[in-house]
Amino acid sequence: MLVIVGYIIILISIFGGFALAGGHLASLWQPVEVLMIGGGAIGAFVVGNSSKALKATLKGLPGVLKSSKYTKAVYMELMTLLYEILGKIRKEGLMSIEADVDDPQNSPIFTKYPTILADHHVTEFITDYLRLMVSGNLNALEIENLMDSELETHHQEGEVPIHCIAKLGDGLPAFGIIAAVMGVVHTMESVHLPPSELGILIAAALVGTFLGILLAYGFVSPLAAKLEHQLHESSKLLECIKITLLANLNGYSPVLAVEFGRKVLFSTERPSFMELEEHVKKSKAE
């Protein structure tokens, strides 16, 4: 929603200011310039990226129109889930969660937290490392190194659409210049026309530069920044899981392990100690 609001502000500010200055908005409508800039940029985008990168970009773009799903409520649900799992391990042993790990969709614990269960990647991250803990063949340091490697892979995959969109935005001003140059070439071919008509041709050529810069810095490049912010949020969720599980492996109680995970969250979403404690108690009562 904020993306749409931002775009509206950009359009009103730029085109409204142009109109208030006495400009004619109709003169900015140059379909041929749009064709040259948009077509050239899309062609370069296809040439410069693999099919995997193109699919990842197209898949990630719709997400920029949605509000963040990583809210305080989601983090509290996640940490309550981890607390309950670790509490069961502490009371009944690691083998007691084997059935929960193997089939989380039918687990009495996981099904109590539908938001987390609905996120396949997060559920898989939790169950994979719990399964390694159950196996008992890896120590905390080995699991930490494996977690770091997976988080790095997650970050690299998430950066693919960011880089694609950023490069597309970087190229748009250049294609705007190309469109303007083509317009100037057309103008030079028409020097036999009266000055009033030559002025229209020159104005149309300059619109190309304007559109290239506007599309780059007003519309496309901000999307890359938005995707980058979303990537940081998704990585923070996985980091919270990592810190909590490692704290438990190092001998800390479920309460302290969850507290370790809570402390790595961004301050804007981090629940207070009392908020989390009350949420855990409420969940246990249910």
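See the structure above.
Note that this is a predicted model, so its numbers are computed, not measured.

(A) How the structure looks around the overall build of the chain. Counting secondary structure elements, the chain contains 11 helices and 0 strands. Along its sequence from the N terminus, the chain presents helices and strands in the succession α-α-α-α-α-α-α-α-α-α-α. If you line up the chain on its principal axes, its C-alpha atoms span 90 × 40 × 30 Å. Counting all 286 residues of the chain, 38% fall into the buried class. Accessible surface, the chain: about 15,800 Å² in total, of which carbon and sulfur atoms supply 66%.

(B) Molecular detail of the packing of helix α2 (residues 31–47) against helix α9 (residues 195–249). Put simply, α2 and α9 touch, their axes get as near as 9 Å, and they point 45 degrees apart. Overall, the two elements α2 and α9 adopt an arrangement that is oblique. Relative to α9, the crossing made by α2 is right-handed. Within the contact between the two elements, α2 uses E33, V34 and I37 and α9 uses A204, A205, G208, L211, G212 and L215. Partitioned by chemical class, the residues of the contact of α2 with α9 number 6 nonpolar, 2 polar and 1 charged.

(C) Local environment of the nonpolar core. L78, L81, I85, I126, L130, I241 and L245 are the most contacted members of the largest nonpolar core, which has 40 residues in total. Where this core is concerned, the elements lending two or more residues are α4 (72–92), α6 (114–118), α7 (120–135), α8 (140–188), α9, α10 (254–263) and α11 (273–285). Here this core takes 10 residues from α4, the largest share from any one element. Non-local contacts of L81, meaning those with residues more than four positions away in its chain, are made with I109, F110, Y113, I116 and I126.

(D) Focus on the packing of α4 against α10. Interhelical geometry of α4 versus α10 gives an angle of 150 degrees and a closest axis separation of 9 Å. Judged by the inter-axis angle, α4 sits roughly antiparallel to α10. As α4 runs across α10, the sense of the crossing is right-handed. The residues of α10 that touch α4, namely those facing M79, Y83, L86, G87 and R90, are P254, V255, A257, V258, G261 and R262. Within the contact of α4 with α10, the residues separate by chemical class into 7 nonpolar, 2 polar and 2 charged.

(E) Region of the structure containing the pattern of salt bridges. In this structure the tally under the stated criterion is 9 salt bridges. Each of the salt bridges in this network shares a partner with another, and the network as a whole consists of D102, D128 and R131.

(F) Structural context of the packing of aromatic side chains. Under the defined criterion, the tally for this structure stands at 4 aromatic pairs. Judged by centre distance (4.6 Å) and plane angle (35 degrees), the rings of Y7 and F219 are tilted. Of the two residues, Y7 is situated in helix α1 (residues 2–20) and F219 in helix α9; the sequence distance between them amounts to 212 residues. The residue whose ring lies beneath K236 is F266, and the NZ or CZ to ring-centre distance is 4.9 Å.

Analysis parameters
Residues numbered from 1 in each chain as written. Predicted model: local features only at pLDDT ≥ 70, side-chain atom pairs only at ≥ 80, totals over all residues. Heavy atoms only, no water. Helix = DSSP H or I, 4+ residues; strand = E, 2+ residues; numbered from the N terminus. Buried < 20%, exposed > 50% of the residue type's maximum accessible area, 1.4 Å probe, protein only. Areas by Shrake-Rupley, 256 points an atom, 1.4 Å probe, with all protein chains shown as cover. Axes fitted to C-alpha atoms, helices over the stretch in contact; angles between N-to-C directions. Parallel < 35°, antiparallel > 145°, perpendicular 65-115°, else oblique. Left-handed = near helix turned anticlockwise from the far one by under 90°. Contact = heavy atoms within 4.5 Å. Nonpolar A, V, L, I, M, F, W, Y, C, P; charged D, E, K, R; others polar. Core = buried A, V, L, I, M, F, W, Y, C linked by side-chain atoms within 4.5 Å. Salt bridge = Lys/Arg side-chain N within 4 Å of Asp/Glu carboxyl O. Phe/Tyr/Trp six-rings, centres within 6.5 Å; stacked < 30°, edge-to-face > 60°. Lys NZ or Arg CZ within 6 Å of the ring centre and 35° of its normal.

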